[in-house]
Amino acid sequence: MIGNVPHIVQYQGSKRILAPQILRFIPMKFNRLVEPFAGMAAITIAVAKQERANHYLVNDLNAPLVAVLESAIETPNELFSEYSKVWNEQFAYSGGSVEHFYKVRNDFNNGQQTAANMLYLLARCVKGSVRYGSNGQFNQSPDKRRYGTAPQTLKTNLMAISYYLKGKTHFMSKDYREVLDETKAGDVVYMDPPYQGVSNVRDSRYYSGIGFYDFVEAVDSLNRRGIDFLISYDGKCGDKQYGEDLPEELGLQKVLLKAGLSSQSILLGKKEITYEALYVSKGLQQHFVPLQEQQYSLFEAMAV
Ligand SMILES: C[S@@+](CC[C@H](N)C(=O)[O-])C[C@H]1O[C@@H](n2cnc3c(N)ncnc32)[C@H](O)[C@@H]1O
């Protein structure tokens, strides 16, 4: 059992809840985990908590996000103290806490892209969803009902995450293809690209869209070099399929993971379950650890 996987901050698309299901396909011991689309690195943190790999490579095209990860892992006390300063300011700010968010967002867009500012914006923005306008500026709005993760809660999580990963992690901020070029036999690569629904939409929910055919080519190259990998790739709710399947010629096993009840269908009184696809490379298919049906229930998946 993995138990609770600590996280730094909410992040849209985080795989924290799905981590126990995804880790069933990851070997118990291997050399290096590579996450080219790390976001807040839920799978890296879950794998490190179980000490399965010796080394970790986390990459995300969004450099300020990587700065948050690096600071959380290498200098958690500093990040805690910087974040506390920014977070506490909102209660003394003359215009109030919502105006304070906009002030920090302005500072961030005017060059102060510090880890503490990025972390505060993530903690306070709607659904932890990073959005940039076509001018490249962070333009997500604040969640007016919340003040963002309290510093003490953050500290507990930072200390745990740093304990698992400090001194073992290499940080990068490049396009995923450059990261894949650096992989070698013995690595396990976990890829969680932006949803196909937002692919090829420049500066939308994420920094960049991922071209479907570019991605297929990159996966094919991993296959040819004998590197093991897993890909989270869109999914299915009720009868509706999101995104295109990866081609069969890649020889991957497609597994549907139970991701939860779709909020959209609850609103319509339908209670449809959302599934997320996980594609597993040949070399990892043998590592699959089956769960008993009752362990695999939605309740279990949601209760992590
Ligand atoms: C679905 S999120 C990953 C969430 C992550 N699995 C987690 O648990 O937090 C996809 C990430 O890919 C990053 N990204 C977008 N385009 C990229 C690219 N071309 N190369 C590397 N990362 C990219 C985005 O910034 C985003 O953080």
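The structure under discussion appears in the preceding block.
Only a predicted model underlies this, so the values are computations on that prediction, with no experimental measurement involved.

## What about the overall build of the protein chain?
Moving on, step 1. For the protein chain, the count of helices and strands is twelve helices and eight strands.
Moving on, step 2. Counting all 304 residues of the protein chain, 38% fall into the buried class.
Moving on, step 3. Sequence separation of at least 24 residues holds for 68% of the intrachain contacts in the protein chain that already meet a minimum separation of 6.

## Notes on the site of the ligand
Moving on, step 1. Of all residues adjacent to the ligand, which total 21 residues, the nearest are Gly13, Phe37, Gly39, Ala42 and Asp192.
Moving on, step 2. By residue class, the composition of the shell around the ligand is twelve nonpolar, five polar and four charged.

## Topic: the pairing of strand 5 (residues 228-237)
Moving on, step 1. In terms of strand pairing, strand 4 (residues 187-191) meets strand 5 through four bridges, oriented parallel. Considered in strand 5, the bridge of Val188 is made with Asp228.
Moving on, step 2. Note that strand 5 and strand 8 (residues 273-280) share six bridges and pair antiparallel. By the bridge assignment for strand 8, Leu230 is matched with Val280.

## Regarding unusual backbone geometry
Moving on, step 1. A positive phi angle, close to 60°, is found at Ala41, a residue other than glycine.
Moving on, step 2. With respect to the helices and strands, Ala41 occurs in the loop between strand 1 (30-35) and helix 2 (42-49).
Moving on, step 3. For Glu51, which is not a glycine, the phi torsion comes out positive at approximately 50°.
Moving on, step 4. Mapped onto the elements, Glu51 comes out in the loop between helix 2 and strand 2 (53-59).

## Side note on the packing of helix 2 against helix 7 (residues 151-165)
Moving on, step 1. Relative to each other, helix 2 and helix 7 sit at 70°, their axes nearing to 9 Å. When the axis of helix 2 is compared with that of helix 7, the two are roughly perpendicular. Seen along the crossing, helix 2 lies across helix 7 with a hand that is left-handed. On helix 7, the residues touching Ile45, Ala48 and Lys49 of helix 2 are Ile161, Tyr164 and Leu165.
Moving on, step 2. Residue classes in the contact of helix 2 with helix 7 are distributed as five nonpolar, no polar and one charged.

## Let's talk about the nonpolar core
Moving on, step 1. Formed by 74 residues in total, the largest nonpolar core has its most connected members in Val68, Leu69, Tyr83, Leu119 and Tyr120.
Moving on, step 2. Excluding residues within four positions of it along the chain, Tyr120 makes contact with Tyr83, Val86, Trp87, Val104 and Gly148.

## Some thoughts on the pairing of strand 1
Moving on, step 1. Pairing of strand 1 with strand 2, which is carried by five bridges, proceeds in the parallel orientation. Bridge pairing in strand 2 places Leu33 opposite Tyr56.

Conventions we followed
- Residues numbered from 1 in each chain as written.
- Predicted model: local features only at pLDDT ≥ 70, side-chain atom pairs only at ≥ 80, totals over all residues.
- Helix = DSSP H or I, 4+ residues; strand = E, 2+ residues; numbered from the N terminus.
- Buried ≥ 20, exposed ≤ 12 C-beta atoms within 10 Å, placed from the backbone.
- Contact = placed C-beta atoms within 7 Å.
- Near = placed C-beta within 6 Å.
- Nonpolar A, V, L, I, M, F, W, Y, C, P; charged D, E, K, R; others polar.
- Pairing = 2+ DSSP bridges.
- Axes fitted to C-alpha atoms, helices over the stretch in contact; angles between N-to-C directions.
- Parallel < 35°, antiparallel > 145°, perpendicular 65-115°, else oblique.
- Left-handed = near helix turned anticlockwise from the far one by under 90°.
- Core = buried A, V, L, I, M, F, W, Y, C linked by C-beta atoms within 7 Å.

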